[in-house]
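Next come the chains, spelled out residue by residue.
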Amino acid sequence: MRLLQRISCIIVIICLVLMGVNFFIHPLNDWIVRIVGSILLLMIVTISFSTVRLHKK
């Protein structure tokens, strides 16, 4: 679970960087922003799940 949590955090950071690029530097294509947003939502759920699992052990 610890590895899953670390990988999810890395993916969230990458997604936030891409969103920052979209907002501050250069607008990205609509489909890229939608995919990054979907991945971000999925990773937030994954981080929450793995955190609860770690604290239950």
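Up top you'll find the structure we're talking about.
In short, a report on the structure. None of these values were measured; they are calculated from a predicted model.

Criteria and thresholds
- Residues numbered from 1 in each chain as written.
- Predicted model: local features only at pLDDT ≥ 70, side-chain atom pairs only at ≥ 80, totals over all residues.
- Heavy atoms only, no water.
- Axes fitted to C-alpha atoms, helices over the stretch in contact; angles between N-to-C directions.
- Helix = DSSP H or I, 4+ residues; strand = E, 2+ residues; numbered from the N terminus.
- Parallel < 35°, antiparallel > 145°, perpendicular 65-115°, else oblique.
- Left-handed = near helix turned anticlockwise from the far one by under 90°.
- Contact = heavy atoms within 4.5 Å.
- Phe/Tyr/Trp six-rings, centres within 6.5 Å; stacked < 30°, edge-to-face > 60°.
- Buried < 20%, exposed > 50% of the residue type's maximum accessible area, 1.4 Å probe, protein only.

### As for the packing of helix α1 (residues 2-25) against helix α2 (residues 30-56)
Interaxial distance between α1 and α2 falls to 9 Å at its minimum, and their mutual angle equals 150°. Of the possible angle classes, the one that applies to α1 and α2 is roughly antiparallel. Here α1 and α2 pass one another in a crossing that is left-handed. Contact residues: α1 offers Arg 2, Leu 4, Gln 5, Ser 8, Cys 9, Ile 11, Val 12, Cys 15, Leu 16, Leu 18, Met 19 and Asn 22, while α2 offers Val 33, Val 36, Gly 37, Ile 39, Leu 40, Met 43, Thr 46, Ile 47, Ser 50, Thr 51 and Leu 54.

### A short note on the packing of aromatic side chains
Counted according to the given criterion, the structure contains 1 aromatic pair. Measuring from centroid to centroid gives 4.8 Å for Phe 23 and Phe 24, while their planes differ by 85°, and the two rings are edge-to-face. Like Phe 23, the residue Phe 24 is exposed in the burial classification.

All quantities given are derived from atomic positions and should not be read as evidence of function.
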